[in-house]
Amino acid sequence: MLTLVLVSVTSTVAPVERAEAYEVGTGAVTIAGGTATQTLPSGLVVTQNATGQTRVNVASTIGSRGYVSSDFTPGLPSSTPAVEYRMDSPDCASTGPCSGLGTITINFSQPVLDPVLNLAGIGGNSLLYAADNVTVIEASQLHVVLNLATGGLSLTDLSGGNLRVAGSSITADNDSTSTRCDTATQGGQIPTAGATAACGSVRVNGVVSSLTFNLSAVYTQTTGSVPPHNDNLTGDNFLIAVTVPQDYGDAPSSYDAGNAARAVLSDVTLGSGVTEDNSTVANGATSPNAGTSATTDGQDSGVSLGPLSSSMSTYSTTVAISGASKAGTVCGWIDLNRNGTFEAGERACATFGGGATSATLTWATLPGLVAGDSYARFRIGYDATATQLPTGPSSAGEVEDYPLMITSGLPVWGCGANADGLLFQYASATSTTTSVFGVDMVTGDSSSLPAIAGRQVNAVGYNVLDDYVYGWDFQQDRIVRIGSNGQAENVGLPAGLPATGNFLAGDVDDAGFYWLALDNGTSVSWYKVDLTTPVPTLVASGTLSNTIGGVAYEFTFDWAFVEGRLYRVMRRDTATPLTSPAVLVSFDTTTLTQMVVKNFGDLDGASSGNYYGALYADGDGFLYASNNTTGTIYRIDVASGSAATATVFAAGPASTNNDGARCADSIIATDYGDAPDTYRTLLGSGGPRHTLGGYDGTTGTASLMIGDAVDREVDGAATVGANGDDVTGADDESAGPYTIAAGGPTAAAINVPVTNNLGIPATLYAWIDANNNGVFDPSEFASTTVAAGASSATIAWTGLPAALVTGSAPYIRLRLTTDVLTDSALTAYDDRATGPAQDGEVEDLRASITQATSSISLTKTPNRTSLVAGQVVTYTFVATNTGREKKVDCTPRVVRGS
């Protein structure tokens with residue numbers, strides 16, 4: 001008889017493959033001296049060898065024993081290189097188990113955490129043919145069993161066909177195995193097996209440097225009609241491909257440059273642990289975690305980053321290390337210039353020894369530090385060369401990425417209520433210093449702020465997202481960030497932005513986009529720069545014609561962002577420019593279209609030139625335009641569109657070579673009066689208005705106020721009853737009403753409740769329209785000092801121009817402020833009753849005048865409490881005026897009697 005042993009055959013058809021999660025070898029396995037060697041893309045070297053009746057046979061592929069992608073976790077490509085082993089079992093019985101068939105050892109050049117063994121083709125036949133070499137007369141199925149011999153490890157069955165993990169053994173679930181992973185049918189007269197070959201993935205749990213299996217086999221009779229069989233040619237050929245898990249970073253993809261930072265999981269980690277990443281892509285060069293937050297990896301716990309400021313010259317951080325079994329390297333990168341890449345000059349490294357628990361990284365110099373959102377990357381591993389690179393694979397370790405804010409060393413500006421307008425100007429085109437002024441938006445008063453030395457800055461805009469001012473530096477042709485201390489730092493020149501742009505107009509919108517305008521005479525080139533990216537990025541640009549609706553305009557000196565639009569106050573380009581009108585032009589930042597909103601005409605007179613080089617905005621949606629020549633600040637209600645008005649708001653400083661910026665989220669909390677407008681109540685009439693210092697809209701209070709409550713308005717509420725402020729917003733007229741008994745034809749007095757929490761004295765100014773002429777005259781004025789902490793003050797009028805008439809209701813105006821109000825004597829009315837004040841409150845009221853009445857009470861008091869006959873008793877009589885009339889006849893009288 002002829003004995004024929006059949007082993008597994010090569011698959012010729014590969015089903016559709018799916019990607020896998022681990023690093024896997026791509027180059028062919030090399031075999032020399034009975035050892036199979038494979039180098040994975042990370043540089044991790046895997047060697048496999050066998051002893052006893054088992055040997056490394058040939059280099060093969062995982063799909064050569066019939067391929068079923070679902071057998072593997074995840075589905076390895078069928079072309080994955082694998083090592084084919086041959087286990088001989090000639091001395092085994094034809095049925096039952098058989099041990100002592102050799103060993104397999106798998107070695108890793110670096111410790112590996114949780115490697116996966118992918119096995120295929122575990123199963124074979126032992127056959128005896130009849131003399132015709134066709135008919136099978138004896139048959140057994142057999143398969144190898146791998147028994148884990150390395151201590152401290154365990155096995156997990158991840159997936160497979162007819163594959164089972166039993167404790168520390170890898171075996172077949174059904175011992176009647178085929179030679180193929182994809183079918184139990186074996187062809188010809190070979191009996192069909194009870195199941196496919198054992199094929200699948202098994203994870204080795206733990207840190208592995210060397211892994212050994214003892215091999216055994218199981219024989220089983222194929223069918224009941226054919227006796228079992230075994231002889232000296234019997235054995236099992238099977239395949240093993242090793243894959244290893246990896247860790248990836250999670251910073252934005254720009255930091256990976258198409259070659260993601262990744263490391264094979266090992267024993268050494270940053271912090272307490274590590275997670276496997278990238279569960280769907282084999283040998284992925286793109287991190288699945290890449291994102292703008294760099295916080296998707298929950299096991300990034302090895303580094304605690306301290307504050308990093310752009311003013312710092314050195315920086316250090318200590319990283320936590322766990323599990324180091326030998327010496328290694330740890331490196332960190334900080335994107336100091338925020339350009340979206342990690343560069344060699346941004347790296348700090350340190351070495352550590354086995355058992356180390358920490359290492360300190362120090363950046364001795366911090367070149368090109370740029371404030372803003374940035375990222376840091378840390379790598380640890382045993383391969384120093386790979387660990388010192390910010391991208392690419394490493395054969396052992398971990399990658400951890402972190403978001404990191406590089407704070408500016410510059411102090412921020414303030415964006416509370418009543419923030420100043422910021423006026424920037426330089427003396428001439430050759431100036432190397434830019435002066436900065438704070439402009440009180442209500443009074444127009446200006447104060448000098450720290451100048452910007454060595455820079456000529458224009459096109460400024462306030463960024464409400466970080467409370468810094470951004471501008472264009474003509475000296476260095478760069479965008480700069482400006483702090484409240486007058487210091488400026490370069491932000492950069494975004495690609496596509498002209499390097500020598502004559503940018504005179506700029507502002508930052510509420511989403512952090514910096515809009516720059518370059519006036520070319522007949523047109524304006526505009527640029528939209530994203531300030532929220534690590535490095536400012538030009539995201540859009542375009543051109544606006546200075547001819548709108550067939551009319552030519554000129555001079556884009558500044559623009560300001562209000563409610564989705566950038567507004568400019570331009571002027572008509574005519575042959576006589578000094579009489580050119582001021583024109584409001586809007587640019588919609590969504591549709592990128594412009595239109596003329598309103599022609600205001602010649603606002604400030606022909607000599608002003610209608611140049612408006614400094615524009616501001618407030619939290620109520622108003623635009624403020626400052627005339628260069630006169631300094632007059634106009635408030636424009638841009639939401640009214642073609643019905644918009646330009647109203648004088650304050651007398652600000654004149655300036656040239658200038659630009660304006662203001663926190664547009666800051667409201668201008670102002671209090672107005674509500675008497676009829678003959679008393680000059682409305683803003684357009686130059687009415688009284690007070691900045692509400694320390695204003696709290698929730699409680700309706702301010703630091704200095706009449707009474708104990710106040711609300712803010714955007715204009716006076718002129719009403720006959722002087723009660724417009726009562727019904728607009730909160731009722732803050734807590735000083736009245738007053739019923740005044742005239743103390744004489746030209747005198748009166750009232751007691752006024754006040755609040756003065758400023759810590760300094762203030763003055764209460766008051767007028768009563770005694771002559772009822774609709775004007776507060778200088779002769780109707782009185783004042784008194786209000787001490788710090790006072791709760792009331794008395795105002796007394798004397799020498800009024802007319803008697804207070806019983807039954808009349810004259811208007812009263814009260815103004816409480818620390819300002820010194822003066823009357824110019826150039827007008828018939830008292831200037832002190834109009835115009836702005838830097839703090840306090842104004843209240844308009846109507847008084848009720850009643851006639852004073854007289855009433856006398858008389859008391860008699862004896863000088864003795866007991867009377868004795870013959871004694872003299874003296875009585876004292878006291879007459880008291882209990883009425884309101886001051887002039888009562890109280891001529892002394894002699895009273896005699898007993």
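About the thresholds
Residues numbered from 1 in each chain as written. Predicted model: local features only at pLDDT ≥ 70, side-chain atom pairs only at ≥ 80, totals over all residues. Heavy atoms only, no water. Helix = DSSP H or I, 4+ residues; strand = E, 2+ residues; numbered from the N terminus. Buried < 20%, exposed > 50% of the residue type's maximum accessible area, 1.4 Å probe, protein only. Contact = heavy atoms within 4.5 Å. Areas by Shrake-Rupley, 256 points an atom, 1.4 Å probe, with all protein chains shown as cover. Lys, Arg positive; Asp, Glu negative; His and termini not counted. Charge placed at Lys NZ, Arg CZ, Asp CG, Glu CD. Salt bridge = Lys/Arg side-chain N within 4 Å of Asp/Glu carboxyl O. Pairing = 2+ DSSP bridges. Axes fitted to C-alpha atoms, helices over the stretch in contact; angles between N-to-C directions. Disulfide = S-S within 2.5 Å. Polar contact = N/O pair within 3.5 Å; in protein donor to acceptor, adjacent residues only side chain to side chain. Phe/Tyr/Trp six-rings, centres within 6.5 Å; stacked < 30°, edge-to-face > 60°. Lys NZ or Arg CZ within 6 Å of the ring centre and 35° of its normal. pLDDT = per-residue confidence, 0-100.

(A) Structural detail: the overall build of the protein chain. Of the regular secondary structure elements, the protein chain holds two helices and 64 strands. Viewed in the frame of its principal axes, the protein chain has a C-alpha envelope of about 165 × 100 × 50 Å. Of all 898 residues assigned to the protein chain, the portion counted as buried reaches 53%. Counting only contacts in the protein chain whose residues sit at least 6 apart along the sequence, the fraction spanning at least 24 positions is 67%. As displayed, the protein chain has an accessible area near 34,100 Å², and 52% of this comes from carbon and sulfur atoms. Computing the positive centroid from 38 side-chain charges and the negative centroid from 83, the protein chain places the two 9 Å apart.

(B) Quick peek at the pattern of salt bridges. Across all of its chains, the model carries 14 salt bridges by this definition. The partner of Arg65 in a salt bridge is Glu84, and the shortest N-O contact between them spans 2.3 Å. Of the two residues, Arg65 sits in the loop between β6 (54–61) and β7 (81–88) while Glu84 sits in strand β7, which places them 19 residues apart along the sequence. With relative accessibility at 3%, the residue Arg65 sits in the buried group. Of the charged contacts in the structure, one is a salt bridge between Asp588 and Arg565, with a shortest N-O distance of 3.5 Å. Taken as a pair, Asp588 in strand β45 (residues 582–588) and Arg565 in strand β44 (residues 565–572) lie far apart in primary sequence, 23 residues in all. Salt bridges sharing common partners tie together Arg55, Arg86 and Asp88.

(C) Representation of the sheet that holds strand β33 (residues 457–463). The four strands are arranged β33-β34-β35-β36 in an open sheet whose pairing can be described as antiparallel. In this open sheet, the two strands that pair with only one neighbour each are β33 and β36 (488–492). For this sheet the average axis-to-axis angle between neighbouring strands, irrespective of direction, equals 30°. Where strand β35 (residues 478–482) meets β36, four bridges bridge the pair, whose relative direction is antiparallel. Counterpart to Arg481 in the pairing with β36 is Glu489.

(D) How the structure looks around the state of the cysteines. Enumeration over the complete set of coordinates arrives at four disulfides. There is a disulfide in this structure between Cys92 and Cys98, and the S-S distance comes to 1.9 Å. Here the S-S torsion is close to -75°, and the disulfide linking Cys92 with Cys98 is therefore left-handed. Residue Cys92 is classed as buried on the basis of its relative accessible area of 8%. Through a disulfide, Cys415 is tied to Cys663; the S-S separation comes to 1.7 Å. Taken together, the residues Cys415 in the loop between β29 (398–407) and β30 (421–425) and Cys663 in the loop between β51 (658–661) and β52 (670–672) connect sequence positions 248 residues apart. You can call Cys663 buried: its relative accessible area is 1%. Looking at the protein chain, its bonded cysteines, counted consecutively from the start of the sequence, adopt the pairing 1-2, 3-4, 5-6, 7-8.

(E) Main features of the side chain of Asp530. You can see Asp530 is positioned in strand β39 (residues 523–530). One buried charged side chain, Asp530, makes no salt bridge at all; its nearest oppositely charged neighbour is Lys528, positioned 8.1 Å away. Among the polar contacts listed, one links the side chain of Asp530 to the side chain of Thr532, at a separation of 2.6 Å. Apart from the residues within four sequence positions on either side, Asp530 is in contact with Gly512, Phe513, Val535, Pro536, Thr537 and Val539.

(F) Seen up close, the packing of aromatic side chains. Here the structure, examined in full by the defined rule, presents 20 aromatic pairs. When the centroid spacing of 5.7 Å and the interplanar angle of 75° are considered together, the rings of Phe557 and Tyr611 count as edge-to-face. Taken as a pair, Phe557 in the loop between β42 (551–554) and β43 (560–562) and Tyr611 in the loop between β46 (593–601) and β47 (612–617) lie far apart in primary sequence, 54 residues in all. When its relative accessible area of 25% is taken as the criterion, Phe557 is described as partly exposed. Judged by its relative accessible area of 23%, Tyr611 falls in the partly exposed class. Over the ring of Phe622 we find Arg635, and its NZ or CZ is 4.1 Å from the ring centre. Against the face of Phe649 rests Arg689, its NZ or CZ located 6.0 Å from the ring centre.

(G) A look at the environment of Ser301. Along the chain, the position of Ser301 falls in the loop between β21 (269–270) and β22 (308–309). Sequence separation between Ser301 and Leu389 is 88 residues; the distance between their C-alpha atoms is 21 Å. Here Ser301 is in contact with Leu270, Gly271, Ser272, Glu400 and Tyr402, once residues within four sequence places are set aside.

(H) Examining the sheet that holds strand β61 (residues 836–837) more closely. Taken in spatial order, the three strands make up an open sheet running β52-β53-β61, and their pairing is mixed. Both outer strands of the open sheet, β52 and β61, are each paired with one neighbouring strand and no more. Looking at chain direction, β52 and strand β53 (residues 689–691) are connected through three bridges and run antiparallel. By the bridge assignment, Thr670 is partnered in β53 with Thr691.

(I) Looking closely at the side chain of Arg662. Note on placement: Arg662 falls in the loop between β51 and β52. Notably, Arg662 is buried but unbridged: the nearest opposite-charge side chain belongs to Asp618, and the N-O separation is 5.7 Å. Of the polar contacts made by the side chain of Arg662, one reaches the backbone oxygen of Ala419; its length is 2.9 Å. Other than its neighbours up to four places away in sequence, Arg662 contacts Asn418, Ala419, Asp420, Gly421, Met441, Tyr462, Tyr616, Ala617, Asp618, Ile667 and Ile668.

(J) Molecular detail of the pairing of strand β9 (residues 103–113). Of all eleven residues making up β9, nine are buried, and the element is well covered by its neighbours. Relative to β9, strand β5 (residues 45–51) is paired through six bridges, and the arrangement is antiparallel. By the bridge assignment, Thr51 is partnered in β9 with Thr103. Here β9 pairs with strand β17 (residues 207–221) via seven bridges, running antiparallel. Bridged to Val112 within β17 is Val208.

(K) Looking closely at the confidence of the model for the protein chain. Of the residues in the protein chain, 91% reach a pLDDT of 70 or more, and the chain-wide mean stands at 88. For residues 1–21, every residue scores under 50 in pLDDT, and the model assigns this stretch 80 contacts once sequence neighbours within four places are set aside. This stretch, residues 882–890, has a pLDDT under 50; its non-local contacts, to residues over four places away or in other chains, come to 21 contacts.

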